[in-house]
Amino acid sequence: MKQLDISIAFFRSGILGYGGGPSSIPLVHKEVVERFKWMDDDEFGDVLALANTLPGPINTKMAGYIGYRVGGYLGMVNAILSSILPTILLMIILLTSLSSVKDLPWVAGMTKAVVPVVGVMMATLTWDFFRKSYQTLGKIKAGLVVVGSLLVLEVLGIHPGILIAAILIFALVKRDKAPKGAEKNVERGVG
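As the structure is a prediction and not an experimental result, all values here were calculated from the model.

## Details of the side chain of Ser133
Piece 1. Relative to the helices and strands, Ser133 is located in helix α5 (residues 105-137).
Piece 2. There is a polar contact of 2.8 Å between the side chain of Ser133 and the backbone oxygen of Phe130.
Piece 3. Those residues in contact with Ser133 that lie beyond four places of it in its chain are Gly138 and Ala142.

What follows is the structure in structure tokens.
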């Protein structure tokens, strides 16, 4: 049953993820976190950050990792195939028929209408991640990370993968300091 669930989850995100990786991320989140509850928001954020640092299509990388985590090697192969087969089949079908309808106004309108929908999906996911970071980091630190990331990406023009890798390295190197007295309380059985 687990393999069927993996197949359904990644088939849905693969078939509905029109527009590439950015449009499929919220769909994968919906399946993995909300519907099947294979991981929580924090774990999904970690997987997303890791997938962004590696080369290649993000949906495939996330499918491979999550599939492996849920169903082992068979789950990994199942998730990858379930996420790429819809795209392959749709490309074959659509490319053979697209040449006859590509200049029709309604086709161009459909393509233009998808862009704002993907934007709203990404904004919703971004807001959810910001809300989680606000809860864990606090208002000031979360705001500094957002503003700093925006400056690094837009003003300095640094690749997002480099920024994500730097933040991951910083998080690994930085150790959280326990407040003074916390160790004494733990030794006494308090806290």
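## Points about the packing of helix α1 (residues 2-16) against helix α2 (residues 21-35)
Piece 1. Contact geometry of α1 with α2 gives a least axis separation of 8 Å together with a crossing angle of 160°. When the axes of α1 and α2 are compared, the pair comes out roughly antiparallel. Classified by chirality, the crossing of α2 by α1 is right-handed. Of α2, the residues touching α1 (which contributes Ala9, Phe10, Arg12, Ser13 and Leu16) are Ser24, Leu27, Val28, Glu31, Val32 and Arg35.
Piece 2. The residue makeup of the contact of α1 with α2, split by class, is six nonpolar, two polar and three charged.

## Topic: a nonpolar patch on the surface
Piece 1. On the surface, Val146, Val147, Leu151, Val155, Leu156, Ile158 and Ile162 cluster together to form a nonpolar patch covering roughly 640 Å² of accessible area.
Piece 2. Of the residues forming the nonpolar patch, the biggest block, four residues, is contributed by helix α6 (residues 139-155).
Piece 3. If you trace the backbone, Leu156 turns up in the loop between α6 and α7 (160-173).
Piece 4. Judged by relative accessible area, which is 58%, Leu156 ranks as exposed.

## Here's the deal with the pattern of salt bridges
Piece 1. One pass over the structure, following the stated rule, counts six salt bridges.
Piece 2. Across the salt bridge formed by Arg131 and Asp128, the nearest N and O atoms sit 2.6 Å from each other. Of this pair, Arg131 and Asp128 are both found in helix α5, three residues apart, which corresponds to roughly one turn of the helix.
Piece 3. Take Arg131: its relative accessible area is 36%, and that puts it in the partly exposed class.
Piece 4. Assessed through its relative accessible area of 12%, Asp128 is described here as buried.
Piece 5. It is possible to trace a salt-bridge network through shared partners that takes in Arg12, Glu31 and Arg35.

## Some details on the nonpolar core
Piece 1. Judged by nonpolar contacts, the single largest core of 21 residues is most densely connected at Phe10, Val32, Trp38, Met62 and Ile66.
Piece 2. Tallying contributions element by element places helix α4 (residues 58-101) first for this core, with six residues.
Piece 3. Those residues in contact with Val32 that sit more than four places away from it in its chain are Phe10, Lys37, Trp38, Met39 and Ile66.

## Notes on the confidence of the model for the protein
Piece 1. Taken over all residues, the pLDDT of the protein has a mean of 84, while the share at 70 or more is 90%.
Piece 2. Ranking the elements of the protein by mean pLDDT puts helix α8 (residues 182-187) last with 47 and α1 first with 92.

Cut-offs used in this document
- In every chain, residue numbers begin from 1 and rise along the written sequence.
- Residues qualify for local features only when their pLDDT is at least 70, as the model is predicted, and side-chain atom pairs are given and counted only at 80 or more; totals for whole chains, interfaces and linings, by contrast, use all residues.
- The basis for the side-chain values is all heavy atoms of the structure; hydrogens and waters are excluded.
- By the criteria applied, helices consist of DSSP H or I runs no shorter than four residues and strands consist of E runs no shorter than two, each listed in order from the N terminus.
- Between N or O atoms, a polar contact is any pair within 3.5 Å; within protein, one atom must be a potential hydrogen donor and the other a potential acceptor, and residues adjacent in sequence are included only when both atoms are from side chains.
- The contact criterion used throughout is that any non-hydrogen atoms of two residues lie within 4.5 Å.
- Lines fitted to the C-alpha atoms define the axes, with helices restricted to the stretch that makes contact. Angles between their N-to-C directions range from 0 to 180 degrees.
- In what follows, roughly perpendicular refers to angles from 65 to 115 degrees, roughly parallel to angles under 35, roughly antiparallel to angles over 145, and oblique to any angle outside these ranges.
- By definition, any crossing whose near helix is turned counterclockwise from its far helix by less than a right angle is left-handed, and any crossing with a clockwise turn is right-handed.
- Here the term charged refers only to Asp, Glu, Lys and Arg, the term nonpolar to Ala, Val, Leu, Ile, Met, Phe, Trp, Tyr, Cys and Pro, and the term polar to all other amino acids, Gly among them.
- The patches reported here contain residues having more than 30% relative accessible area and no salt bridge. Joining distances are 9 Å for like charges and 5 Å for nonpolar side chains (Val, Leu, Ile, Met, Phe, Trp, Tyr).
- Working definition of accessibility: Shrake-Rupley area with a 1.4 Å probe, residue cover restricted to the visible protein chains.
- For salt bridges, the criterion is a side-chain nitrogen of Lys or Arg within 4 Å of an Asp or Glu carboxyl oxygen.
- Here the term buried applies to any residue with accessible area under 20% of the maximum for its type, exposed to any over 50%, and partly exposed to those in between, with areas from a 1.4 Å probe on protein chains only.
- Here the nonpolar core consists of buried residues drawn from Ala, Val, Leu, Ile, Met, Phe, Trp, Tyr and Cys, with membership extended through side-chain atoms lying within 4.5 Å.
- The predictor attaches a confidence to each residue, and that confidence, scored 0 to 100, is pLDDT.

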